[in-house]
Amino acid sequence: MSGGNSADRRKGDAVGAPLIVASDQEVVIEHYPEDWLAFALFWALAFIVFLQFYTRYILNDSLAWTEEIARYGLMWITFIGGGIVVRKQANIAVEVLLHFAPPHIARVLLAVVDIIKLGFIALLAYFSVTITDRMGMQTMTVIDWSMSYVYGGIAFGCFVMLARQIQCFWRNARDGWRRASETIGSGVVVD
Amino acid sequence: MTALFVAFFVLLAVGVPIFIALGVSSLVYTHFVAGIPDFVVLHRMAGGVDSFPLLAVPFFILAGNLMNSAGITNRIFAFATAAVGWLRGGLGHVNVVGSVIFAGMSGTAVADAGGLGTIEIKAMRDHGYPADFSVGITAASSTIGPIIPPSLPMVVFGVMANASIGQLFAAGFVPGLLMALSLMIYTTWYARRHGIGSDQAFRWRVLGHSLIAAVPALLTPAIIIGGMTFGWFTPTEAAIAACVWALILGALLYRTLTFRHFYKITLDTIETTAAVLLIVGAASLFGWVLTTTQVTEKFSVLLLSITDNPLLILLIINVLLLVVGCFMETIAAISILVPVLMPVVLKVGIDPVQFGVIMVLNLMIGLLTPPVGMVLFILSRVANMPFDRTVRAVSPFLIPLLIVLLLISVIPELTLAVPKYFYR
């Protein structure tokens, strides 16, 4: 049994890995600055939540700042990670029409979608500056730090999204949304 | 007001990312109707993500991803084979039992379909099972994943509906097992009709060996579910504990996890988290717009003018959800619809916890229906089967799942008994 088991595992992993881990058995890693930042942020966040758990159970005295900082960290991850999602053009959307439309119409639709995306993300980036500016007065609940730090991180994420969307828009516009129309339905899968 | 809805549905239909469709139509409201400063849009979006329970989202996604890469799925499969492979329709049952165990560690259906499902379909093909049956049972059993805790959709439901995530998790138990039972009954019936026997004689020795090999993996659901029901962990902490355990298994015990894998898995997790939470944030912005413009109020008046019988209301909502589930991703549907549906549900006295399980199960069925069914997409790729044939292969399996949906809609005790026992 154990022999068959390990053979199964090798075969299973060869088939199973692509969908979950990578597109190839050989893990291909592309390097982008926002990826490194998000990676560091994510594990810092994991450490802080772990710290909260540890201080509450082992030391019987939960560190009050951990909960608050963890919440802000999640906000940063959302918006900076948003940059990664935009770069990969993997935002979750209802893609029925794109699926069933004939290719040339799908390309027009994709162009429209890209323009709306670009416009809205640009507005978000603009709003983020306004908010960061206005939040200078307010401080966090537990720690005496300005809320501008929190919104500064979000603003940074918004600008990463904007930069990546401009890049994608430029690349797509140059080939007339041809490649984009071939990869419809390759977005993030969550359910 | 109509402008808001027209904008929203047109944007959605054209294929604009959901969070942007929500954001743009909310912006139409703040700018043209309400005259509120526009930056409120971003402020509300960010505020929608500012929640401690939502932290469970990234870590449950990470735990599922780590489990799939740590060679754990194969051990679960081997154990399930030894345990129920001797039944008539052997691997069909193995498929269901494996999914139930995996459901205790992963919070999504696609993690199940893509990880365990791949092994299951291959094994069933090697043993000569009809391809349609293999794909159908794999698809149907993968939907148990988010019903049995932990569950990503239920975390999002709990945050949006302001319901206890711990209670929602506990409430998913019985329905999840009912789903498994109904699918196993179907499998037995199918096996009798098509003369499929068992795959492996039952032997205590084999069961014992596979159990010992699977113990570290089986500890994961024990840690998560046990820790939460006995009140040691909050859902977020349970998610962290699951990640730590999966890391120990993958990096130290099974040694299947390299740093490159680890980096890749983390980034995949971040990507999924961001894609989901952007929608959750934008949906809470949109929900705020719907509430201040009293759209939710009007909707509940409209629905209550048809009937105020809780069962009929649930029936209507179920039909609505089944339709939405055909087109929209689960978590997006939950975060958009909860603000709209919750007032009615509370007004007719339906327990939010029961409603949460109904909603998630209903949307899970949506994963198995065209035109947009994520599990269908994944399995048609895994099994190398044309999409329309996959749809037909899966369709008979909707019947047992719909029966369970009906049961939990009609009998509240099926969902509420367990949380009532643990959270008095």
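Here the structure is shown first, and the text comes after it.
Residues numbered from 1 in each chain as written. Chains lettered and ligands numbered in written order. Predicted model: local features only at pLDDT ≥ 70, side-chain atom pairs only at ≥ 80, totals over all residues. Heavy atoms only, no water.

(A) Quick look at the interface of chain A and chain B. Contacts between chain A and chain B engage 76 residues on the former and 88 residues on the latter. Across the chain A/chain B interface, buried area totals approximately 7,500 Å², and carbon plus sulfur atoms make up 77% of it. One can count 3 salt bridges joining chain A with chain B. Here Glu237 of chain B ties to Arg56 of chain A by a salt bridge, and the two come within 2.4 Å at their closest N and O atoms. For the interface between chain A and chain B, the tally reads 7 residue pairs in polar contact (both at pLDDT 80 or more). For the side of chain A that touches chain B, the secondary structure elements donating two or more residues are helix 1 (2-20), helix 2 (33-57), helix 3 (64-87), helix 4 (96-100), helix 5 (103-134) and helix 6 (148-174) of chain A. Here the element with the most residues in the side of chain A that touches chain B is helix 2 of chain A; it accounts for 14 residues. (Contact = heavy atoms within 4.5 Å. Buried area = accessible area lost by both parts, 1.4 Å probe. Salt bridge = Lys/Arg side-chain N within 4 Å of Asp/Glu carboxyl O. Polar contact = N/O pair within 3.5 Å; in protein donor to acceptor, adjacent residues only side chain to side chain. Helix = DSSP H or I, 4+ residues; strand = E, 2+ residues; numbered from the N terminus.)

(B) Fine view of helix 8 (residues 116-126) of chain B. All names here are of chain B. Among the 11 residues in helix 8, 8 count as buried, and that is most of the element. Looking at helix 8, one finds that the buried residues are Leu116, Gly117, Thr118, Ile119, Glu120, Ile121, Ala123 and Met124. With its phi angle positive at about 80°, Gly128 sits one or two positions after the end of helix 8. (Buried < 20%, exposed > 50% of the residue type's maximum accessible area, 1.4 Å probe, protein only.)

(C) Just helix 14 (residues 259-292) of chain B, in detail. Residue and element names in this part refer to chain B. Across its 34 residues, helix 14 extends 49 Å between first and last C-alpha, which sits within 8% of the 50 Å expected from 1.5 Å per residue. When you tally the buried positions in helix 14, you get 29 out of 34 residues, the bulk of the element. Gln294 sits one or two positions beyond helix 14 and adopts a positive phi of about 60°. (Expected span 1.5 Å × (residues − 1).)

(D) Highlighting empty space enclosed by the protein. Residue and element names in this part refer to chain B. Per the stated rule, a full pass over the model turns up 3 cavities of 30 Å³ or more. The volume enclosed by the second largest cavity comes to roughly 50 Å³. In terms of lining residues, the second largest cavity is bounded by Pro149, Gly166, Phe169, Ala170, Phe173, Ile225, Met228, Thr229 and Tyr423. Listing elements by their share of the lining of the second largest cavity, those giving two or more residues are helix 11 (165-194) and helix 12 (204-229). It is helix 11 that provides the largest number of residues to the lining of the second largest cavity, a total of 4 residues. (1 Å grid on protein atoms, 1.4 Å probe; cavity = no way out; pocket = protein on both sides within 12 Å on 5 of 7 lines; lining within 4 Å. Points joined across faces, edges and corners; volume = space filled by probe spheres on them.)

(E) Representation of the layout of surface pockets within the structure. One number sums up the size of the second largest pocket: a volume of about 510 Å³. Along the walls of the second largest pocket sit 20 residues, with Phe8, Phe9, Leu12, Val324 and Met328 of chain B positioned nearest its centre. Only helix 4 of chain A together with helix 1 (2-14), helix 14, helix 15 (295-306), helix 16 (310-327) and helix 17 (330-347) of chain B provide two or more residues apiece to the lining of the second largest pocket. If you tally residues by element for the lining of the second largest pocket, the top one is helix 1 of chain B, at 5 residues. Here the residues of the lining of the second largest pocket are counted per class, giving 20 nonpolar, no polar and no charged. (Nonpolar A, V, L, I, M, F, W, Y, C, P; charged D, E, K, R; others polar.)

(F) Summary view of the packing of aromatic side chains. Tallied over the entire structure, the rule returns 28 aromatic pairs over all chains. Between Phe39 of chain A and Tyr263 of chain B, the aromatic rings sit 4.9 Å apart at their centres with planes inclined by 45°, giving tilted as the arrangement. Of this pair, Phe39 of chain A sits in helix 2 while Tyr263 of chain B sits in helix 14, which puts the two residues in different chains. Among the residues examined, Phe39 of chain A registers a relative accessible area of 15% and is labelled buried. With 4.8 Å between their ring centres and 55° between their planes, Tyr186 of chain B and Phe397 of chain B make a pair best called tilted. Residue Tyr186 of chain B is found in helix 11, and its partner Phe397 of chain B is found in the loop between helix 20 (387-394) and helix 21 (398-410); the two are separated by 211 residues along the sequence. (Phe/Tyr/Trp six-rings, centres within 6.5 Å; stacked < 30°, edge-to-face > 60°.)

(G) How the structure looks around the nonpolar core. All names here are of chain B. Within the largest apolar cluster, 226 residues are counted, with the highest numbers of intra-cluster contacts made by Ile18, Phe19, Phe59, Phe157, Phe355 and Met359. When residues of this core are assigned to their parent elements, the largest contribution, 19 residues, is made by helix 14. Setting aside its immediate chain neighbours within four residues, Met359 contacts Phe157, Leu321, Ala333, Ile334, Leu337, Val338 and Leu341. (Core = buried A, V, L, I, M, F, W, Y, C linked by side-chain atoms within 4.5 Å.)

(H) Fine view of the pattern of salt bridges. Tallied over the entire structure, the rule returns 11 salt bridges over all chains. Put simply, Lys88 of chain A and Glu271 of chain B hold a salt bridge, and the shortest N to O gap is 2.9 Å. Pair noted here: Lys88 of chain A is in the loop between helix 3 and helix 4 and Glu271 of chain B is in helix 14, and the two residues belong to different chains. Overall, Lys88 of chain A belongs to the partly exposed group, its relative accessible area being 36%. Because the salt bridges share partners, they merge into one network encompassing Glu34, Asp35, Arg87 and Arg164 of chain A.

(I) Layout of the environment of Lys117 of chain A. Structurally, the position occupied by Lys117 of chain A is in helix 5. As for Lys117 of chain A and Phe127 of chain A, which are separated by 10 residues in sequence, their C-alpha atoms are 15 Å apart. Dropping the residues within four chain positions of it, Lys117 of chain A is found in contact with Asn91 and Gln165 of chain A together with Pro17 and Ile20 of chain B.

(J) Looking closely at unusual backbone geometry. Going from Pro149 of chain B to Pro150 of chain B, the amide bond is cis rather than trans, its omega being -5°. With respect to the helices and strands, the residue Pro150 of chain B is situated in the loop between helix 9 (131-142) and helix 10 (152-161). Even without being glycine, Gln89 of chain A reaches a positive phi, approximately 50°. Along the chain, Gln89 of chain A falls in the loop between helix 3 and helix 4. The exposure class of Gln89 of chain A is partly exposed, given its relative accessible area of 29%. With a phi close to 60°, Trp177 of chain A is a non-glycine residue in the positive phi region. Looking at Trp177 of chain A, the relative accessible area reads 11%, which means it is buried.

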